[in-house]
Amino acid sequence: MLTELKNKTKLISVTGLGYVGLPLALEFAKHFKVIGFDINKDRVALMKQHIDPSKELDSSAFDGCDIEFTSDAADLKKAHFHIIGVPTDIDEHKVPNLKPLLGASASVGKALKKGDIVVYESTVYPGCTEEDCVPVMERESGLKGSKDFKFGYSPERIVPGDKVRTLTKILKIVSGCDQETLETISAVYNTIIEAGTFQASSVKVAEAAKVIENTQRDINISLMNELSIIFDKMGIDTNEVIEAAGTKWNFHKYQPGLVGGHCISVDPFYLMHKAKQLGLDPQVIAAGRRVNDYIPTSSRRESSRL
């Protein structure tokens, strides 16, 4: 697969060209021929003019890239290595909204051929790729996952606005449905990721690793938020407390503040959703979310966006 991608007899497709998908597609397009697919025709029109609708990249990022932007899902049939990086959000009931992900799976499924590989980058709960997404692709393609087409999961780690720790400089977790697929996916990503790849032992491990990254951060910030409420009641400056405690080498200097954005305030609900399906009622994760959801409504202290 890697050799054929390099000599451009096989193509890569990237479905979902937001702040995650577009930088990834452009990096791959410096080495391979890429099909960049997004259902939003207006966004695609801008990208054809070398304009990033997310305003994260300047026009020079498009230079020297062998990429075809399209809003026609039929163009995905040209590709053999497919990457899906669409948004995963929650609905008004704070339940995972998988509609964009399953819709993208259906589009790619219609384009699948025997021997193709599909890699998911969207943040999900452990088991989502194999239990929710692969069946959709099997239904649409008439092919069998792990047998006729292969799949893996490589969670996105892009930090919007960070101009230092950019896509190629962040270690990439990769996983595959079998060892051969894992090695292929790792080799393809190693072409563009300067920091290298970490091979997870399974798709579920890779999914879980991603979802706990932001869950851990959410809980740590919620602790500092709760402490700041306590200290405010006591007339103590929380920043001074953190500065004093930070003189010990193993103290982590998390700061109180608002928790928003695409990931940190959303990802914990994915893990809680899966836990509840298993008959578990996660207490610490839920408590962290309650505290951080409360902070924007509190007027007890000045909040700063994280």
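Here the structure is shown first, and the text comes after it.
The paragraphs below set out a description of the structure included in this document. (Residues numbered from 1 in each chain as written. Predicted model: local features only at pLDDT ≥ 70, side-chain atom pairs only at ≥ 80, totals over all residues. Heavy atoms only, no water.)

The helix and strand tally for the protein stands at ten helices and ten strands. A compact globule built from 306 residues should have a C-alpha radius of gyration of about 19 Å, and the protein, at 21 Å, falls within 12% of that. Expressed as a percentage of its 306 residues, the buried residues of the protein come to 50%. When the accessible surface of the protein is totalled, it reaches about 14800 Å², and 53% of it is carbon and sulfur. (Helix = DSSP H or I, 4+ residues; strand = E, 2+ residues; numbered from the N terminus. Rg over C-alpha atoms; globule rule 2.2 N^0.38 Å. Buried < 20%, exposed > 50% of the residue type's maximum accessible area, 1.4 Å probe, protein only. Areas by Shrake-Rupley, 256 points an atom, 1.4 Å probe, with all protein chains shown as cover.)

Counted according to the given criterion, the structure contains four aromatic pairs. Residues F28 and F32 carry aromatic rings whose centres are separated by 6.0 Å and whose planes lie at 40° to one another, so their mutual orientation is tilted. Across this residue pair, the class does not change: F28 and F32 are buried. Three or more aromatic residues joined by ring pairs make a cluster, and in this case those are F28, F32 and Y189. Sitting above the plane of the W249 ring, K248 keeps its charged end 5.6 Å from the centroid. (Phe/Tyr/Trp six-rings, centres within 6.5 Å; stacked < 30°, edge-to-face > 60°. Lys NZ or Arg CZ within 6 Å of the ring centre and 35° of its normal.)

Attention shifts here to the nonpolar core. Of all hydrophobic cores here, the largest spans 35 residues; its most connected members are I12, F28, F69, F81, I83 and Y189. Broken down by secondary-structure element, the contributors of at least two residues to this core are β1 (12-15), α2 (21-28), α3 (41-48), β3 (67-70), β4 (81-84), β7 (117-120) and α6 (179-190). Looking at which element gives the most residues to this core, the answer is α2, with five residues. In contact with I12, not counting residues within four places along its chain, are L5, F28, F32, K33, V34, I35, A79, F81, I83 and V188. (Core = buried A, V, L, I, M, F, W, Y, C linked by side-chain atoms within 4.5 Å. Contact = heavy atoms within 4.5 Å.)

Mapped onto the secondary structure, S186 falls in helix α6. One polar contact links S186 to Q199, side chain to side chain, over a distance of 3.3 Å. Apart from residues lying up to four places away in sequence, S186 is in contact with V174, T197 and Q199. (Polar contact = N/O pair within 3.5 Å; in protein donor to acceptor, adjacent residues only side chain to side chain.)

A word on the sheet that holds strand β2 (residues 34-37). Strand order in the open sheet formed by six strands is β3-β2-β1-β4-β7-β8, and the pairing between neighbours is parallel. In this open sheet, the two strands that pair with only one neighbour each are β3 and β8 (150-153). Looking at each pair of strands side by side, their axes are set apart by 20° on average, direction ignored. Sheet topology note: the β1/β2 ladder contains four bridges and is parallel. Along β2, the bridge assignment pairs I12 with V34. (Pairing = 2+ DSSP bridges. Axes fitted to C-alpha atoms, helices over the stretch in contact; angles between N-to-C directions.)

Compared with an ideal rise of 1.5 Å per residue, which puts twelve residues at 16 Å, helix α10 (residues 283-294) spans 17 Å between its outermost C-alpha atoms and is within 8% of the ideal. All of the buried residues along α10 are I285, A286, G288, R289, V291 and N292. Along its buried surface, α10 packs onto α7 (203-234) and α9 (267-277). (Expected span 1.5 Å × (residues − 1).)

Two side chains bearing opposite charge may form a pair once their charged atoms approach each other closely. A complete count under the given rule lists 19 salt bridges for this structure. Between K33 and D66 there is a salt bridge; the shortest N-O distance is 3.3 Å. Remark: D66 occurs in the loop between α3 and β3 and K33 occurs in the loop between α2 and β2; sequence separation between them is 33 residues. With relative accessibility at 26%, the residue K33 sits in the partly exposed group. Measuring nitrogen to oxygen at the nearest pair gives 2.9 Å for the salt bridge that ties K94 to D293. Placement of the pair is K94 in the loop between β5 (89-90) and β6 (96-97) and D293 in helix α10, with a sequence separation of 199 residues. The network of salt bridges with common partners includes K94, D218, R289 and D293. (Salt bridge = Lys/Arg side-chain N within 4 Å of Asp/Glu carboxyl O.)

A cluster of nonpolar side chains, namely I230, M234 and I236, defines an oily patch on the protein surface of about 260 Å² accessible area. Note on placement: I236 falls in the loop between α7 and α8 (238-245). (Patch = residues over 30% accessible without salt bridge, like charges linked within 9 Å, V, L, I, M, F, W, Y side chains within 5 Å.)

Moving on, we come to a negative patch on the surface. A cluster of acidic residues, D232, D237, E240 and E243, forms a negative patch on the protein surface. Topologically, D232 is positioned in helix α7. (Lys, Arg positive; Asp, Glu negative; His and termini not counted. Charge placed at Lys NZ, Arg CZ, Asp CG, Glu CD.)

Before going further, it helps to spend a moment on the pairing of β3. Where β2 and β3 come together, four bridges link them in parallel fashion. Its bridge partner lying in β3, V34 is registered against I67. One crossover worth recording links β2 to the parallel β3 by way of α3, and it is right-handed. (Right-handed = clockwise from strand over helix to strand, strands pointing away.)

Geometric descriptors of this kind do not, in isolation, establish any biological role.
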